[in-house]
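Structural features, examined
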Amino acid sequence: MKKIITVILSTAILLMAGCSSSHETITTVPFSSETTTVGDIAGTIEGDRYISHAGGVGFKLTGDYTVEWPDADKRNIVMSDYTGVDISGPWFVWGNTASLKIDYVLDEHLKADATKEHTLEEWNKSMKYPAKSIEYIEDYKLDGKSCFALKMVLDKNGYDVSSLQIFFLQDNGLLVLFTITAGSFKEIDKVVKNLQIA
């Protein structure tokens, strides 16, 4: 009986270890304006994981989701020929419960503006849904690293919607912007726990 319990526990531990692929190491590739493409930065889905080797971002995919790739027509453009100020990565949507949008900001002016505190008035001018409240977090922890974040409650046609924007500046100068929206911050936390940055 003890052997059976030991085998069951060992199997359970192995299965749990196999499920923690959100913390697999992200293999990164050097950024070169002559060889790195928009698609390299926007990333791909590899099995049950979204990964951008050039952007240094990983995300464990769970549940029933749909994904859109806004810059799909630009994937083969090398960075030396790319004239955009940012690259739209994937937009994951889990029905009516949550969404995750990943953007890679290239423009130096946008990077500076993105990390400045926005007033409620400025936010409401630029967004589809007005913000009821904004909390600025100077030292938000994502995958053990410090980031700047905006935690917001939005008014979506009379309903409160929670939103979190995380700004992470990579060592190569690329600003990664994660925008997570859900019915509650508890749901947002479920998405955040599967994010990984190199």
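Structure report, in brief. (Residues numbered from 1 in each chain as written. Predicted model: local features only at pLDDT ≥ 70, side-chain atom pairs only at ≥ 80, totals over all residues. Heavy atoms only, no water.)

**A look at helix 5 (residues 185-192)**
Taken residue by residue, helix 5 has Ile 188, Val 191 and Val 192 as its buried positions. For helix 5, the angular spread of buried residues about the axis comes to 100°, placing them on one side. (Buried < 20%, exposed > 50% of the residue type's maximum accessible area, 1.4 Å probe, protein only. Helix = DSSP H or I, 4+ residues; strand = E, 2+ residues; numbered from the N terminus. Arc of directions from axis to C-beta.)

**Brief notes about the nonpolar core**
Within the largest apolar cluster, 35 residues are counted, with the highest numbers of intra-cluster contacts made by Phe 59, Leu 100, Tyr 104, Leu 142, Ile 166 and Phe 178. For Leu 142, the residues in contact, after removing those within four places along its chain, are Cys 147, Ile 166, Phe 178, Val 192, Leu 195 and Ile 197. (Core = buried A, V, L, I, M, F, W, Y, C linked by side-chain atoms within 4.5 Å. Contact = heavy atoms within 4.5 Å.)

**Observations regarding the packing of aromatic side chains**
Per the counting criterion, the structure on display carries eight aromatic pairs. For the pair Tyr 50 and Trp 69, a centre-to-centre distance of 6.2 Å together with 45° between the ring planes defines the contact as tilted. With Tyr 50 in strand 2 (residues 49-52) and Trp 69 in the loop between strand 4 (66-68) and strand 5 (86-94), the pair connects residues that are 19 residues apart, well separated along the chain. Between Phe 148 and Phe 167, the aromatic rings sit 5.6 Å apart at their centres with planes inclined by 45°, giving tilted as the arrangement. With Phe 148 in strand 8 (residues 145-156) and Phe 167 in strand 9 (residues 159-169), this pair connects stretches of sequence that are 19 residues apart. (Phe/Tyr/Trp six-rings, centres within 6.5 Å; stacked < 30°, edge-to-face > 60°.)

**So, the sheet that holds strand 11 (residues 195-197)**
The strand order across the open sheet formed by four strands is 1-2-3-11, and the pairing between neighbours is antiparallel. The open sheet has two edge strands, strand 1 (44-46) and strand 11, and neither has a second partner. On average, adjacent strands in this sheet sit at an angle of 25° to one another, irrespective of strand direction. Bridge count between strand 3 (residues 57-60) and strand 11: three bridges; the pairing is antiparallel. Note that in strand 11 the partner of Val 57 across the bridge is Ile 197. (Pairing = 2+ DSSP bridges. Axes fitted to C-alpha atoms, helices over the stretch in contact; angles between N-to-C directions.)

**Quick word on the pattern of salt bridges**
Counted by the stated rule, this structure contains six salt bridges. We note a salt bridge from Lys 74 to Asp 71, for which the minimum N-O separation is 3.5 Å. Residue classification places Lys 74 among the partly exposed residues on the basis of a relative accessible area of 29%. The closest approach of N and O atoms between Asp 103 and Lys 101, which form a salt bridge, is 2.8 Å. Take Asp 103: its relative accessible area is 11%, and that puts it in the buried class. Judged by relative accessible area, which is 18%, Lys 101 ranks as buried. (Salt bridge = Lys/Arg side-chain N within 4 Å of Asp/Glu carboxyl O.)

**As for the side chain of Ser 162**
Along the polypeptide, Ser 162 turns up in strand 9. According to the relative accessible area criterion, Ser 162 is buried, its value standing at 6%. When neighbours within four sequence positions are excluded, Ser 162 is seen to be in contact with Met 152, Ile 180, Thr 181, Ala 182, Gly 183, Ser 184, Phe 185 and Ile 188.

**Examining the pairing of strand 9**
The element strand 9 is extensively covered by neighbouring structure, given that eight of its eleven residues are classed as buried. Sheet analysis places strand 8 next to strand 9, joined by nine bridges and oriented antiparallel. In the strand pairing of strand 9, Phe 148 is matched with Phe 167. If you look at the hairpin formed by strand 8 and strand 9, you'll find two residues sitting between the two strands, and Asn 157 has a positive phi there, around 55°. Pairing analysis gives eight bridges linking strand 9 to strand 10 (residues 175-182), with the strands arranged antiparallel. Counterpart to Leu 169 in the pairing with strand 10 is Leu 175.

**Remarks on unusual backbone geometry**
In this structure, Asp 143 takes a positive phi of about 55° despite not being glycine. According to the relative accessible area criterion, Asp 143 is partly exposed, its value standing at 28%. At Asn 157, a residue that is not glycine, the phi angle is positive and equals roughly 55°. Assignment of secondary structure puts Asn 157 in the loop between strand 8 and strand 9.

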